Amino acid sequence: MDDRVSQVNPRLDILRREVDQTVLKPFRSHGWSAQIVRETDGHDCIEVAAERGAVATRIAVLYSSSGISKSDYSVLSNRVQRIFFSGHLYMPESFASGATVPVEPLGDFFPYLVELNKQVEPDRSPPVIPRRPASVRRVTAENPIEAILARLQQFTSANLAARLVERRAATEEIVLASDTIEAKATGIAFSMRSALDYLLATPREALIKRVLGLYYGTIALAQAEMLASPSGPLDLDQVEGMTKRGHGLYALAGPEGGFADFRVGVLATGFLPQWMNFLGHDTSRYPKSSSKPDSAADLDNIPAGMACSLRDLFASMPEIDDLFAEVFGGPPGWVSVACDDEGNARGATALNATPRKASSTYGLFLDRSGEISIDSLKSSGWPLAEIRRVDDYDRTGTAFRARVDHAGHDIWWTALPTHSSPFRTGATLLFPTLGGLREYRTIATVTLYALSIMARYLPSAWRRVEGGDEDQYLAIVQASLAVWERLLPEHFLETIAGEAVRTAQPGSLLA
């Protein structure tokens, strides 16, 4: 039913324009079918009906909270689920007290729209809130990686490592016995010395030695990461015992026998699954060693996602996106992420909004390649809902709009496992890869393992990369090593020290 009146009331005309901007446009941009179904001239009131799927609502918007009587509020409440008013609430006990539905300022319309959207697609806030570093370590140097390595080197001292363990235990409110602190500190110092022995030499070595040195240096840093955690392993013997049953990985030549389809898989025993358990990953589906495939054909018999190709691993490296597109092609394993100003209706009705903490925020997920499917975002495991392609996106690639649910987080950003890098501007999200890995350092470690296996045990395949018919992959290997030699020490400094690390050069805007 449409009870519209002629546009003779200037206040109703003003209200109509406001409803169009702050109600109808947000409704429609979020996939709702919405229209004005009633205008009441004498009461300066507009009613809007909207529906999306099986959910429907009807609301009223008043020019003024005191524009209708107490009894009119009561009658209006029988037709609508929510009443909004422009301006500020005036004498609610004399007017709005007759309402039997919520009466709110128009600035609160967007939170109501989010509530409705959650009736269509339920809240997906992560059940576990990961602990975020409480402090920031700022490193300013002409050569940031040298400064990072120097700060890692401090933990080769058992005395300084003990101070680290004590500080982190106090921060996390965990009580550790003095002998436990001493054992952890001894293990950290030993692991750090081992890591730096590998890392400090690798940039000047031949390609194979760089791969091996960076891989074993990374494993040692991962051991130090676990020992530094108050809830991690108690001593070096315990963490070294994880490696006695292998690396927790295996590698196989792919069906085509080339570099791109070289396969790597995870196992339920060995170092990697222990590291993943420490990081909170579910490893229950990791295959047992007895089920380890002997050939590429056997990969069909293991659970999905428990093996992948080298191409899949390199796809998760945003820093080499241009080389990846040239060498491999196809969809990358990451997207850029940004806040969606239009989706969040920023500024439209902020003046009379009720201060409240949002539990959901709309974000844009950008794929410059234009080849990532919407199903990839849906299966990512991120707390996303209402994922839709942005049809009018006018830049290179594809954009998706999605609701990020973040109940329990101060800001929406902390609910997403974002990856930042000095090689790129803006944050990215890495799609989970082999065995559900999603941290940059874990994916890089597995990639280094695969390269080390090829370099050591398949020398003919490796030589094809270094100077044969597969030399197109040489550039991507060299570029990746250069990135990892810069990034991995910084990432491990964060996880070992329990601090966010921010690097800058003297005189820069970030210094």
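Remember, it's a predicted structure, so these values are computed and weren't measured experimentally.

Take the packing of aromatic side chains next. Aromatic rings in a pair are described by how distant their centres are and how their planes are angled relative to each other. On inspection of all chains with the given rule, the structure shows 18 aromatic pairs. An angle of 35° between the planes, with centres 6.1 Å apart, marks the rings of Phe-271 and Trp-275 as tilted. One end of the pair is Phe-271 and the other is Trp-275, both in helix α9 (residues 271-278) and four residues apart, which spans about a single turn. Given the relative accessible area of 0%, Trp-275 is considered buried. An aromatic cluster of at least three residues, connected via ring pairs, comprises Phe-259, Phe-314, Phe-324, Phe-328, Tyr-473 and Trp-484.

Right, let's get into the sheet that holds strand β15 (residues 428-430). If you trace the six strands from one edge of the open sheet to the other, you get β12-β13-β11-β10-β15-β14, paired in antiparallel fashion. What marks the edges here is a single partner per strand, and that holds for β12 (384-389) and β14 (418-419). As judged from the four bridges shared by β12 and strand β13 (residues 398-405), these two strands associate in the antiparallel manner. Note on β13: the bridge partner recorded for Arg-388 is Arg-401.

On to the sheet that holds strand β8 (residues 263-266). With antiparallel pairing, three strands are arranged side by side in an open sheet as β7-β8-β9. Edge strands, defined here as strands with exactly one partner in the open sheet, are β7 (249-252) and β9 (307-309). Neighbour to neighbour, the strand axes of the sheet diverge by 25° on average, direction disregarded. Taken strand by strand, helix α13 (residues 440-457) contacts β7 and β8, and its axis lies near 50° from that of β7.

Overall, the coordinates contain 31 salt bridges when judged by the stated rule. When the shortest N-O distance is used, the salt bridge between Asp-13 and Arg-17 registers 2.8 Å. Of this pair, Asp-13 and Arg-17 both sit in helix α1 (residues 10-29), four residues apart, which is roughly one turn of that helix.

Restricting attention to buried positions, one finds in helix α14 (residues 459-467) the residues Ala-461, Trp-462 and Val-465. For α14, the arc enclosing every buried residue in end-on projection is 100°, short of the 170-degree limit, so these residues lie on one face. Opposite the buried face of α14, at more than 90 degrees from it, the exposed residues are Ser-460 and Gly-467. Looking at the packing, one finds that the buried side of α14 touches α7 (207-228), α13 and α15 (474-497).

So, about the pairing of strand β4 (residues 82-85). Residue alternation in β4 divides its side chains into two sets, Arg-82 and Phe-84 and Ile-83 and Phe-85, and both sets are buried. Two elements, strand β3 (residues 55-62) and β4, share four bridges in a ladder whose sense is parallel. Within β4, the residue paired with Ala-60 across the bridge is Ile-83. In terms of handedness, the path from β3 via helix α2 (residues 70-77) over to β4 forms a crossover that is right-handed. When β4 meets strand β5 (residues 103-105), the two strands line up parallel, connected through three bridges. Bridged to Phe-84 within β5 is Glu-104.

We now examine the nonpolar core. Ranked by size, the top nonpolar core spans 94 residues in total, and within it Phe-259, Phe-314, Trp-484 and Ile-496 carry the most contacts. Beyond its immediate stretch of four places on either side in the chain, Trp-484 contacts Leu-214, Phe-314, Met-317, Tyr-440, Ala-444, Thr-447, Leu-448, Leu-451 and Pro-489.

Here is what the cut-offs are and how they apply
- Residues numbered from 1 in each chain as written.
- Predicted model: local features only at pLDDT ≥ 70, side-chain atom pairs only at ≥ 80, totals over all residues.
- Heavy atoms only, no water.
- Phe/Tyr/Trp six-rings, centres within 6.5 Å; stacked < 30°, edge-to-face > 60°.
- Helix = DSSP H or I, 4+ residues; strand = E, 2+ residues; numbered from the N terminus.
- Buried < 20%, exposed > 50% of the residue type's maximum accessible area, 1.4 Å probe, protein only.
- Pairing = 2+ DSSP bridges.
- Axes fitted to C-alpha atoms, helices over the stretch in contact; angles between N-to-C directions.
- Contact = heavy atoms within 4.5 Å.
- Salt bridge = Lys/Arg side-chain N within 4 Å of Asp/Glu carboxyl O.
- Arc of directions from axis to C-beta.
- Right-handed = clockwise from strand over helix to strand, strands pointing away.
- Core = buried A, V, L, I, M, F, W, Y, C linked by side-chain atoms within 4.5 Å.

Note that all results are geometric; they support no functional claim without further evidence.
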